[in-house]
Amino acid sequence: VQLQASGGGLAQAGGSLRLSCAASGVTFRRYTVAWFRQAPGKERMFVAAIKWNDNSRPYADSVKGRFTMSRDNAKNTVYLQMNELKPEDTAVYYCAADPSVINSALTSQTAYRTWGQGTLVTVSS
């Protein structure tokens, strides 16, 4: 499987961006997908995930109510809609996928074996 993240760019505080993560080479509907982000000088952190059967969509506390993750299996793509952006959302955003993630590991980087290349989101104040 290969993942291609896109949609990053520059936004003003309070604005919106939508990230996409397109998969190729697999039956994507069987994959659990997550977004992680890494801000400058910081560790990579969990943002959101969507279980392959869509029965779980955890979010990091810092993005709850502002970010929404969804998937379109027909297009082999997942999305991260980011609203009410804040300067602290500035980071490189990575999508990751795996077919065998249990619910208790949805927020763990080590649960995902396939990663996209990252897309940069910059939010200006």
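The notes below deal with the structure included here. (Residues numbered from 1 in each chain as written. Predicted model: local features only at pLDDT ≥ 70, side-chain atom pairs only at ≥ 80, totals over all residues. Heavy atoms only, no water.)

## Things to note about the nonpolar core
Grouped together as the largest cluster of nonpolar side chains are 40 residues, with contacts concentrated most on Trp35, Met69, Leu80, Met82, Tyr93 and Tyr112. When residues of this core are traced back to their parent elements, those giving at least two are β1 (2-6), β3 (17-24), β4 (32-38), β5 (44-50), β6 (67-72), β7 (77-82), β8 (91-98) and β10 (119-124). (Core = buried A, V, L, I, M, F, W, Y, C linked by side-chain atoms within 4.5 Å. Buried < 20%, exposed > 50% of the residue type's maximum accessible area, 1.4 Å probe, protein only. Helix = DSSP H or I, 4+ residues; strand = E, 2+ residues; numbered from the N terminus.)

## A closer look at the sheet that holds β3
Working definition: the strands of a sheet are paired by backbone hydrogen bonds and lie parallel or antiparallel to each other. The strand order across the open sheet formed by 4 strands is β1-β3-β7-β6, and the pairing between neighbours is antiparallel. Pairing within the sheet leaves two strands with one partner each, and these edge strands are β1 and β6. Each strand axis lies, on average, 15 degrees off the axis of its neighbour in the sheet, ignoring direction. Where β3 lies against β7, 6 bridges are found, and the strand directions are antiparallel. Note on β7: the bridge partner recorded for Cys21 is Val78. (Pairing = 2+ DSSP bridges. Axes fitted to C-alpha atoms, helices over the stretch in contact; angles between N-to-C directions.)

## A word on the pattern of salt bridges
The full count for this structure, using the stated rule, is 5 salt bridges. Between Arg37 and Asp89 there is a salt bridge, with its nearest N and O atoms 2.9 Å apart. Separated by 52 residues along the polypeptide, Arg37 in strand β4 and Asp89 in the loop between β7 and β8 bring together distant segments of the chain. Here the two residues Arg37 and Asp89 agree in accessibility, since each one is buried. Ionic pairing is found between Asp89 and Arg66, a salt bridge with its closest N-O pair at 2.7 Å. You can see Asp89 sitting in the loop between β7 and β8 and its partner Arg66 sitting in the loop between β5 and β6, a full 23 residues away along the chain. With respect to class, Asp89 is no different from Arg66; both count as buried. Where salt bridges share partners, they join Arg37, Arg66 and Asp89 into one cluster. (Salt bridge = Lys/Arg side-chain N within 4 Å of Asp/Glu carboxyl O.)

## As for the environment of Ala97
Positionally, Ala97 belongs in strand β8. The class for Ala97 is buried, based on a relative accessible area of 0%. Placed 63 residues apart in sequence, Ala97 and Ala34 show a C-alpha to C-alpha distance of 6.3 Å. Apart from residues lying up to four places away in sequence, Ala97 is in contact with Leu3, Phe28, Tyr31, Thr32, Val33, Tyr112, Arg113 and Thr114. (Contact = heavy atoms within 4.5 Å.)

## Digging into the packing of aromatic side chains
Counted according to the given criterion, the structure contains 4 aromatic pairs. Ring centres of Phe36 and Phe46 lie 5.7 Å apart, and the angle between their planes is 75 degrees; on these two criteria the pair is classed as edge-to-face. On the criterion of sequence distance, the pair formed by Phe36 in strand β4 and Phe46 in strand β5 is long-range, its members being 10 residues apart. Neither residue differs from the other here; Phe36 and Phe46 are each classed as buried. Ring centres of Phe36 and Trp115 lie 5.1 Å apart, and the angle between their planes is 40 degrees; this geometry places the pair in the tilted category. Of this pair, Phe36 sits in strand β4 while Trp115 sits in strand β9 (residues 114-115), and the two are 79 residues apart along the sequence. (Phe/Tyr/Trp six-rings, centres within 6.5 Å; stacked < 30°, edge-to-face > 60°.)

What is shown is where atoms sit, not what they do.
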